[in-house]
Amino acid sequence: MNGPVWAVVQQKDGRLQRSGRETIAAAQALARELGTSAEAVLLGDGLAAAGEELKGMALAGARVVEHPRLATYTPGGYVAALVPLVREERPAYVLFPHTYQTVDFMARLAQALDAGLLPEAIAFRRVDGEVRWTRPVLGGKLHAQVRTVGEGTVLVSLQSGAFPADGVEAGSAPLRQVAAAVDGVDLQREVRGFESAGGGAVDLSKAEVIVAVGRGVGGQEKLAPVEELARLLGGELAASRPVVDSGWLPRERQVGSSGQTVAPKLYLALGISGAIQHLVGMKGATAVVAINKDASAPIFKIATWGVAGDLHEIVPALNQALKERAGGA
Amino acid sequence: MKIAVCVKQVPDPEARLRVGADGAWIDEEGVAFVLNESDEYAVEEALRIAERTGGEVIAFGLGPERTREALRKVLALGASRAVLLSDPALLGGDALATGRALAAAIRQEGADLVLTGSASSDLGYAATGSVIAGELGWPHAWLVMGVELAEDRRSVRITREMEGGMNELSAVVLPAVIQVQAGINHPRYASLKGIMAAKKKEIREVAAAELGVDAGRLGRAGSRLETVSVALPVSGREVEWIAGDAAAVAAALVTKLEQEAKVLR
Ligand SMILES: Cc1cc2nc3c(=O)[nH]c(=O)nc-3n(C[C@H](O)[C@H](O)[C@H](O)COP(=O)(O)OP(=O)(O)OC[C@H]3O[C@@H](n4cnc5c(N)ncnc54)[C@H](O)[C@@H]3O)c2cc1C
Ligand SMILES: Nc1ncnc2c1ncn2[C@@H]1O[C@H](COP(=O)(O)O)[C@@H](O)[C@H]1O
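Cut-offs and rules
- Residues numbered from 1 in each chain as written.
- Chains lettered and ligands numbered in written order.
- Predicted model: local features only at pLDDT ≥ 70, side-chain atom pairs only at ≥ 80, totals over all residues.
- Heavy atoms only, no water.
- Near = heavy atom within 4 Å.
- Polar contact = N/O pair within 3.5 Å; in protein donor to acceptor, adjacent residues only side chain to side chain.
- Areas by Shrake-Rupley, 256 points an atom, 1.4 Å probe, with all protein chains shown as cover.
- Helix = DSSP H or I, 4+ residues; strand = E, 2+ residues; numbered from the N terminus.
- Nonpolar A, V, L, I, M, F, W, Y, C, P; charged D, E, K, R; others polar.
- Pairing = 2+ DSSP bridges.
- Axes fitted to C-alpha atoms, helices over the stretch in contact; angles between N-to-C directions.
- Contact = heavy atoms within 4.5 Å.
- Buried < 20%, exposed > 50% of the residue type's maximum accessible area, 1.4 Å probe, protein only.
- Buried area = accessible area lost by both parts, 1.4 Å probe.
- Salt bridge = Lys/Arg side-chain N within 4 Å of Asp/Glu carboxyl O.

A separate point is the site of ligand 2. Residue and element names in this part refer to chain B. Close contacts around ligand 2 come from 20 residues, with D39, L62, S120, A126 and T128 the closest. Here a nitrogen atom of ligand 2 and a backbone polar atom of V7 are 3.4 Å apart. Contact between ligand 2 and A127: an oxygen atom at 3.0 Å from a main-chain N or O atom of the residue. In isolation ligand 2 has 480 Å² of accessible area, and contact with the protein removes 98% of it. Those elements that provide at least two residues to the shell around ligand 2 are α1 (37–53), β4 (56–62), α3 (95–109) and β6 (113–117). Broken down by element, the residue count for the shell around ligand 2 peaks at 3 residues, all from β4. A class-by-class count of the residues in the shell around ligand 2 yields 9 nonpolar, 9 polar and 2 charged.

A few words now on the sheet that holds strand β5 (residues 61–66) of chain A. Each strand in a sheet pairs with its neighbour through backbone hydrogen bonds, running either in the same direction (parallel) or in the opposite one (antiparallel). Residue and element names in this part refer to chain A. The strand order across the open sheet formed by 7 strands is β7-β11-β6-β1-β4-β5-β12, and the pairing between neighbours is parallel. Strands with a single pairing partner mark the edges of an open sheet, and in this sheet they are β7 (116–121) and β12 (175–178). The sheet shows a mean angle of 20 degrees between the axes of neighbouring strands, taken without regard to direction. Pairing between strand β6 (residues 93–97) and strand β11 (residues 154–158): 5 bridges, direction parallel. In the strand pairing of β11, V94 is matched with L155. Against the sheet, helix α1 (residues 18–34) touches β1 (5–9), β4 (38–44), β6 and β11, its axis set at about 180 degrees to β1.

The omega torsion across L174 of chain B and P175 of chain B is -5 degrees, close enough to zero to call that bond cis. Within the fold, P175 of chain B resides in the loop between β9 (166–173) and β10 (176–180). For D13 of chain A, which is not glycine, the phi torsion reads 50 degrees and is therefore positive. On the accessibility criterion, D13 of chain A (74% relative accessible area) is exposed. Here E120 of chain A, not a glycine, exhibits a phi torsion of approximately 65 degrees, which is positive. Within the element layout of this structure, E120 of chain A appears in strand β7. The exposure class of E120 of chain A is buried, given its relative accessible area of 6%.

Attention now moves to the side chain of S86 of chain B. Tracing the sequence through the fold places S86 of chain B in the loop between β5 (81–85) and α3. Beyond its immediate sequence surroundings of up to four residues, S86 of chain B is in contact with G63, P64, E65, L91 and E205 of chain B.

Around ligand 1, a shell composed of 30 residues is seen, among which R215, S240, S258, S273 and N292 of chain A lie nearest. Here ligand 1, which alone exposes 980 Å², has 90% of that area covered by the protein. For the shell around ligand 1, the secondary-structure elements that each account for two or more residues are α6 (241–245), α7 (276–282) and α8 (311–328) of chain A together with β7 (140–149) of chain B. Considered class by class, the residues forming the shell around ligand 1 number 8 nonpolar, 16 polar and 6 charged.

Bringing the environment of A32 of chain B into the picture now. Residue and element names in this part refer to chain B. Structurally, the position occupied by A32 is in the loop between β2 (9–11) and β3 (33–35). When its relative accessible area of 40% is taken as the criterion, A32 is described as partly exposed. Along the backbone, A32 and P13 are 19 residues apart, and their C-alpha atoms lie at a distance of 9.1 Å. Not counting chain neighbours up to four residues away, the residues in contact with A32 comprise V10, P11 and D12.

Let's shift gears to the interface of chain B and chain A. On the side of chain A, 85 residues touch chain B, which itself brings 84 residues to the contact. Summed over both partners, the interface of chain B with chain A comes to about 7,200 Å²; 57% of that surface belongs to carbon and sulfur atoms. Remark: the boundary between chain B and chain A carries 8 salt bridges. A salt bridge links D104 of chain A to R160 of chain B; the nearest nitrogen and oxygen atoms lie 3.5 Å apart. Scanning the region where chain B abuts chain A turns up 39 residue pairs in polar contact (both at pLDDT 80 or more). Those elements giving two or more residues to the side of chain B that touches chain A turn out to be α1, α4 (128–136), β7, β8 (155–161), β9, β12 (225–231), β13 (240–241) and α6 (246–260) of chain B. Here the side of chain B that touches chain A takes 10 residues from α6 of chain B, the largest share from any one element.

So this is what it looks like as structure tokens:
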């Protein structure tokens with residue numbers, strides 16, 4: 001008999017995080033597949049409202065692990081709170097959302113439990129009685145099918161959006177308060193506060209048209225035609241992370257998991273390969289034009305229109321065509 | 001201060017990749033290998049801290065023989081020594097197995113601070129640094145965008161990226177493992193002098209048997225993950241390709257933007 005499948009989730013502003021609902025949807029689907037039960041673990045402080053939400057989901061159990069020392073995330077606190085639970089109940093899988101916070105402590109938890117660690121899964125399926133996980137490798141250029149070997153619990157983190165939150169099956173879950181064994185443990189980090197990462201001056205979320213450049217643009221001195229394109233389209237200029245890291249454009253124009261999330265009517269991706277951390281920030285766009293000299297770049301997997309070519313040739317020609325159209329109309 | 005920095009050699013992100021004959025990884029024939037992007041930033045950060053504290057940087061790399069080139073590059077940038085873990089018994093591991101080997105090698109050398117990149121661009125586990133910390137029993141922090149050594153050199157203040165445009169400001173007691181995110185600094189280029197000097201610097205090879213770790217916990221044998229196959233992703237929606245010379249592509253795009261995306265006034 002398989003152990004249960006757990007989803008470890010958190011609340012934000014009194015509601016389960018969307019990533020947490022996605023994790024529960026995945027746990028339910030995996031448990032169905034394995035013929036076992038799905039359960040949730042809610043971790044943090046001030047969890048009453050989020051606990052109510054869990055009650056309405058098809059789960060064999062929902063543990064609420066509440067403690068003032070868990071109000072602010074620390075790796076020491078979160079690992080200490082989870083270790084005894086997993087050790088006692090021996091779930092087959094513990095699923096987490098692949099967030100910056102879970103990535104920070106998941107490996108430490110796996111070590112403490114001598115569990116397996118499978119980061120950033122985007123799908124699973126059963127093959128010959130075993131579970132095969134899909135995870136992106138090489139910047140999303142390839143997808144790997146991965147199986148786990150050895151005995152014991154496996155911790156899996158799930159890429160954002162891979163398992164839609166609206167897939168959560170409704171039902172009823174018995175709620176149980178569980179003591180968090182975190183008094184006196186070394187939190188391993190002294191959190192002094194939080195600050196804005198320096199974005200905020202530019203709000204790209206309302207833009208109808210976004211012209212985004214990636215590393216493929218090749219340098220700050222090559223931005224002028226792209227800037228002109230943004231002007232001609234009445235759109236905002238945006239960038240992938242390496243462009244910002246290299247200082248070619250300011251951080252406030254970065255799109256992606258550590259930048260802004262945008263949903264324009266049109267997103268032009270110029271010299272952007274389409275790594276998942278970029279895609280999560282822009283996949284809500286209605287239409288995507290991708291221009292990339294590598295026809296196998298993952299950006300084309302989500303593009304509406306694709307041009308396999310050199311952006312330094314296409315963009316000036318596009319500017320010219322737009323100017324002619326404006327002049328001739 | 002003695003600073004260890006872990007660097008991985010990865011396929012050039014620009015490389016055209018083909019699935020290899022075994023179907024489980026890429027065909028490395030003709031593929032250029034480079035230093036993993038966030039590791040370049042980790043190296044720069046290590047050098048800066050070493051320069052401020054009058055310390056030294058030791059580079060650690062686990063991978064096949066070609067990893068030597070990556071280590072040579074770090075030596076050219078200013079590291080004083082390097083340790084190469086190229087024993088076949090150490091290769092093919094998941095983050096747990098790889099981190100275990102690196103931690104054992106670092107323990108032999110001793111260090112006050114370990115820097116790694118935030119994620120490798122090939123396997124992308126974003127975990128190896130945390131595993132090293134766990135093995136050594138040290139604190140760690142992932143996705144670090146700022147490091148400042150305390151006056152007494154017993155802790156570091158860090159700025160850690162979070163989602164939604166926020167940073168966490170915290171302190172971590174040394175020794176610790178800091179997983180550096182790309183963009184934390186502007187990495188230097190190797191000077192000719194540095195490249196020449198690197199040729200004389202030591203790259204020490206360490207075999208699996210010298211690590212003092214049970215062989216069943218290292219490399220492929222110690223790994224809980226096994227890659228069955230790799231393949232091109234299947235796409236949800238089919239892209240509509242626009243081909244032709246630049247002028248033809250531009251004209252076709254204008255029509256799409258006007259009539260279908262409806263973004264032209
Ligand atoms: C924790 C974490 C958070 C991250 N957050 C973000 C984020 O918020 N946003 C983000 O974007 N990334 C983020 N990343 C980085 C991400 O993983 C990728 O490394 C990054 O998105 C790649 O950027 P790119 O596509 O511009 O560069 P590359 O992947 O290097 O791609 C460049 C592309 O340009 C093409 N090209 C080159 N020359 C030309 C030319 N002349 N014409 C046309 N095409 C050309 C190439 O074929 C290639 O596909 C994050 C990574 C981590 C680990
Ligand atoms: N084989 C390796 N050799 C040296 N360092 C590594 C190796 N694998 C991972 N690392 C380090 O760990 C970081 C994260 O890698 P990963 O956990 O694979 O995403 C990298 O940026 C490196 O600094």
